[in-house]
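The lines below spell out each chain.
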Amino acid sequence: MKVSTLLLAAASMAQASSLIPRQRASLCELYAYWSGNGYELLNNLWGKDAATSGSQCTYLNGASNNGISWSTTWTWQGAPDNVKSYPYSGRQVAKGRKISSINRMPTSVTWRYDNENVRANVAYDVFTAADPDHPNYGGDYELMIWLARYGNVYPIGTKERTVTLAGRSWDLWVGWNGAMRVYSFVVPSGTVKSFSADVKEFFRYLESNYQYPSSQQNLIVYQVGTEAFTGGPATFTVDNFSADLQ
């Protein structure tokens, strides 16, 4: 029995490791980028100029058609209410995919932070726009799914209600980022370090309750990462992120 158990465990580990072949990349420059296997990774330090000091590097640990594994290490000080970065992994999206034409958006992510004494979040970020060629740093609408909130950071807007989607409760915050309407579904307490859901369920909720125009909106980006405000050194690790459009 012990030999059989060991063989089965070894086989399971080999199968799991085959999902994320050991590709490697180090991304330390502003907007350093990697793509492959239908996924992309960006060292997105878009707000770094607000910091008085700090730095960040993002690392690809492996990727395949089944998902991507990566990590980012950061330290930021100054302007505690300003986002310094949003390093992310994303599913590459073909232009012209209307939200109404997508039946399902299945995704899963498993992640961890080695230091939770920081100001940061962990969140999905999905932009949509009427223009299929809209720049990928924004859109007409932004849908966020916050899986963690450290150090009393808050979404844009105000909390409007609590809803149940993907088998759990979320506080829904609604606001504006310039001309972009932002809907943030925030876990009310604690963290969700292993998450699987159909993101289309969140869009259907917005269609029914906020007149979200899915037949007029193209999917621009579909990604997950961490918004870093201040603190560190801290390492955020995504053991596996997968996403699909069906």
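Residues numbered from 1 in each chain as written. Predicted model: local features only at pLDDT ≥ 70, side-chain atom pairs only at ≥ 80, totals over all residues. Heavy atoms only, no water.

(A) A look at the packing of aromatic side chains. As enumerated under the stated definition, the model contains 17 aromatic pairs in all. On the numbers, 5.0 Å between centres and 80° between planes, the contact of tyrosine 141 with tyrosine 212 is edge-to-face. In this pair, tyrosine 141 is assigned in strand β9 (residues 141–150) and tyrosine 212 in the loop between α2 (200–210) and β14 (218–225), connecting sequence segments 71 residues apart. Just above the ring of tyrosine 39 sits the side chain of arginine 91; from NZ or CZ to the centre is 4.6 Å. The residue whose ring lies beneath arginine 149 is tyrosine 154, and the NZ or CZ to ring-centre distance is 4.6 Å. (Phe/Tyr/Trp six-rings, centres within 6.5 Å; stacked < 30°, edge-to-face > 60°. Helix = DSSP H or I, 4+ residues; strand = E, 2+ residues; numbered from the N terminus. Lys NZ or Arg CZ within 6 Å of the ring centre and 35° of its normal.)

(B) Highlighting α2. Residues of α2 that are buried include every one of Lys200, Phe202, Phe203, Tyr205, Leu206 and Tyr210, and no others. Of the surrounding secondary structure, the elements contacted by the buried residues of α2 are β8 (119–129), β9, β10 (158–165), β11 (168–177), β12 (180–186) and β13 (194–198). Among the residues trailing α2, glutamine 211 stands out with phi positive, at a value near 55°. (Buried < 20%, exposed > 50% of the residue type's maximum accessible area, 1.4 Å probe, protein only. Contact = heavy atoms within 4.5 Å.)

(C) Main features of empty space enclosed by the protein. Applying the stated criterion across every chain yields a total of 1 cavity of 30 Å³ or more. In this model, the largest cavity occupies a volume close to 30 Å³. Lining the largest cavity, in full, are Val126, Thr128, Tyr141, Glu142, Leu143, Tyr183, Phe203, Leu206 and Tyr212. Elements with a contribution of two residues or more to the lining of the largest cavity: β8, β9 and α2. (1 Å grid on protein atoms, 1.4 Å probe; cavity = no way out; pocket = protein on both sides within 12 Å on 5 of 7 lines; lining within 4 Å. Points joined across faces, edges and corners; volume = space filled by probe spheres on them.)

(D) Geometry of the state of the cysteines. Inspection of the entire model under this criterion finds 1 disulfide. Here cysteine 28 connects covalently by a disulfide to cysteine 57, the sulfurs 2.0 Å from one another. On the S-S bond that ties cysteine 28 to cysteine 57, the torsion sits near 125°, and the link is right-handed. Placement of the pair is cysteine 28 in the loop between β1 (25–27) and β2 (33–36) and cysteine 57 in strand β4 (residues 53–64), with a sequence separation of 29 residues. Residue class for cysteine 28 comes out partly exposed when judged on its relative accessible area of 38%. (Disulfide = S-S within 2.5 Å.)

(E) Quick peek at the pattern of salt bridges. For the structure shown, the criterion picks out 6 salt bridges. Note that lysine 48 and aspartate 49 form a salt bridge whose closest N and O atoms lie 3.3 Å from each other. Here lysine 48 falls in the partly exposed class, since its relative accessible area comes to 31%. A salt bridge links lysine 159 to aspartate 171, with the shortest nitrogen-to-oxygen separation between them at 3.5 Å. Linking lysine 159 in strand β10 with aspartate 171 in strand β11, this pair joins segments that are 12 residues apart in sequence. Since its relative accessible area comes to 46%, lysine 159 is described here as partly exposed. (Salt bridge = Lys/Arg side-chain N within 4 Å of Asp/Glu carboxyl O.)

(F) Local environment of the layout of surface pockets. Size it by volume and the largest pocket reaches roughly 870 Å³. Taken together, 38 residues make up the lining of the largest pocket; nearest its centre are Asp125, Phe127, Asn136, Tyr137 and Gln223. Within the residue set of the lining of the largest pocket, elements represented by two or more residues are β3 (39–42), β6 (88–91), β8, β9, β12 and β14. When residues of the lining of the largest pocket are assigned to their parent elements, the largest contribution, 5 residues, is made by β14.

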